[in-house]
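Listed below, chain by chain, are the residues.
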Amino acid sequence: MLNIFDKVVYQIYPKSFQDSNGDGIGDINGIIQRLPYIKALGVDYIWLTPIYPSPQLDNGYDVSNYKDIDPMYGTMKDFENLIAMSNQMGIGIMMDMVFNHTSTQHEWFQKAIANDKKYQDYYIFKESITSPNNWISKFGNSAWEYEPRIKKWYLHLFDTSQADLNWDNPQVRKELEEIVLFWKKKGVSGFRFDVINLISKPKEFIDDDIGDGRRFYTDGINVHKYLKELVKNTGIEDMITVGEMSSTSIEHCIRYSNPKEKELSMTFNFHHLKIDYKENKKFHIQEADYKKLKKILIEWSLEMQKGNGRNALFWCNHDQPRIVSRLGEDKRYHIESATMLATMIHMLKGTPYIYQGEEIGMRNAYFDKIEYYRDVESINYYKILLEEKKNPQEIIEILQKHSRDNGRTPMQWDRNEKNYGFTRSTPWISVGKQADDIDVESQIHDPKSILSYYRKLIDIRKKETLISLGEINFPDIKDDKIFVIERKFKEKSALILLNLGEDEKSYTIPYDKYEIVIHNYDKLIKEDSHILLRAYEAIVLKRKYN
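Small disclaimer: the values here were computed from a predicted structure and weren't measured.

(A) Focus on helix α14 (residues 392-402). The complete set of buried residues in α14 reads Ile395, Ile396, Ile398, Leu399, Gln400 and His402. For α14, the secondary structure elements touched by its buried residues are β12 (277-278), β13 (281-285), α11 (323-326) and α13 (376-387). A side-chain oxygen of the first residue of α14 lies 3.1 Å from the backbone nitrogen of Gln393; this N-cap is Asn391.

(B) Spatial organisation of the packing of helix α12 (residues 334-347) against helix α16 (residues 450-463). Between α12 and α16, whose axes approach to 10 Å, the crossing angle comes to 15°. For the element pair α12 / α16, the angle class is roughly parallel. Where α12 crosses over α16, the two elements pack in a sense that is right-handed. Contacts between α12 and α16 involve His334, Ile335, Ala338, Thr339, Ala342, Thr343, His346 and Met347 on the former and, on the latter, Ile450, Tyr453, Tyr454, Leu457, Ile458, Ile460 and Arg461. A per-class count over the contact of α12 with α16 returns 10 nonpolar, four polar and one charged.

(C) Representation of the pairing of strand β17 (residues 482-489) within the structure. Sheet topology note: the strand β16 (residues 471-473)/β17 ladder contains three bridges and is antiparallel. Bridge pairing in β17 places Glu471 opposite Lys488. Alignment of β17 against strand β18 (residues 492-499), held across eight bridges, turns out to be antiparallel. Considered in β18, the bridge of Lys488 is made with Ser493. Hairpin connection between β17 and β18: a loop of two residues separates the two successive antiparallel strands, and Lys490 in this loop has a positive phi of roughly 55°.

(D) Spatial organisation of the sheet that holds strand β3 (residues 92-97). Spatially, eight strands are ordered β11-β10-β9-β3-β2-β1-β15-β14 in an open sheet, and the strand pairing comes out parallel. Where the open sheet ends on each side, the last strands, each with one partner, are β11 (266-268) and β14 (312-313). Bridging between strand β2 (residues 45-48) and β3 involves four bridges; their strand directions are parallel. Bridge pairing in β3 links Tyr45 to Gly92.

Reading guide: rules and limits
- Residues numbered from 1 in each chain as written.
- Predicted model: local features only at pLDDT ≥ 70, side-chain atom pairs only at ≥ 80, totals over all residues.
- Heavy atoms only, no water.
- Buried < 20%, exposed > 50% of the residue type's maximum accessible area, 1.4 Å probe, protein only.
- Helix = DSSP H or I, 4+ residues; strand = E, 2+ residues; numbered from the N terminus.
- Contact = heavy atoms within 4.5 Å.
- Polar contact = N/O pair within 3.5 Å; in protein donor to acceptor, adjacent residues only side chain to side chain.
- Axes fitted to C-alpha atoms, helices over the stretch in contact; angles between N-to-C directions.
- Parallel < 35°, antiparallel > 145°, perpendicular 65-115°, else oblique.
- Left-handed = near helix turned anticlockwise from the far one by under 90°.
- Nonpolar A, V, L, I, M, F, W, Y, C, P; charged D, E, K, R; others polar.
- Pairing = 2+ DSSP bridges.

Just distances and angles here, no functional claims.
Here is the structure:
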């Protein structure tokens, strides 16, 4: 069985990583160009967000052909070269499988709206005078779109250009298995499954009188059955796999990721990233609730451990704002807060994921005009919030905090080069407004940089079974801004002390019995039996043994 706990995954958003041909869009050859950097970071896998042909209405998550490479990223030969070169470096490639929906430009959907009954059953079409129910899509507005050519409505839980597949149709499941086998044969090492817990829809599509409809299709009745079937029929049980789980539960994630279930290696959940959502609404913002953050991280860690489930650990991805801007302080305490947040994730039990640029502390984009935004969700919600009578400046301030485009600005390689070395032409999306002092080049040889700190964290996970395999626990700390993690493995133990804010905190500990494993300040401040935790301080202490 694959040991995933000592592994670290690096997520690449190809469109924004490295442009090799000067068209302003990142590509496969750009990734190849940067493989030595990724190797030096010490990670084991690269997760690529979708590089399939797509109209790019949702930046590649609207797939029009699952078995090819979008020309904007290169050719299949380029991809095969990437596989070969990354494997030579001991790095596996994980492909992103978008199986809840296809683009409406996909051949299957085009045949469906040409009145081919076989392909109409590949999707969820309903005959109705009005929208079949009142469900709301994840991007706002109705989850149903009328198709006049066949006089039917189709379900789209995301954008209108992303039609949901009918997994209850065995032929659909067979088609998707063949896609997995196609990429497996190419030599990929693993798969990430996009919103995979939404694939099993109810038999009846009734109105939701208390919500947006998600309670009827999240972790649906056949989802575990279908996942088991997919894994068994494609032989990917011993490959690294991760499922993105939308609005899920611990109970389901234990089932998804417990090796005995033979479904997935691990799961992403997003509950810890909704602590600054007012009334659980992404574009209604409140101050982060640190008490809630601690409660969620503790509960998920302990319950998944108890049920032998496996967590994918992360702060950032292509759908999230930059964590240093969100939960840290990205100016005065930029280095301290970025490294503290990194320590928290990498010292939890599970498999850490690093999103491109996170390892150098990239900030939110802070775009000040709607014209800078490219994300369909952000543009949709700008219009929706205008209709709710919010003023344009207030909406921009919301997007500056929560837009997905915050994580999609170009990777910052070298501040002395045009567009930070990402491209020699005009990038598809602008470099962030607060990018000036952050780049790889200035950090790569600096032992006190955020990048160097990430390398140390990755090295610790690989060398310390205490961290990769150890049991996790959490001492009861009443202060919302102090987070303490305890790890134990056989006779070894460690304490991780984290200050989540700017105010100094004191923690009682017999510090002479511990040695420092990693610390984001130069030295400890000790007073009697107390350690003084300064702004965003992070200390990993291992118990000494004679």
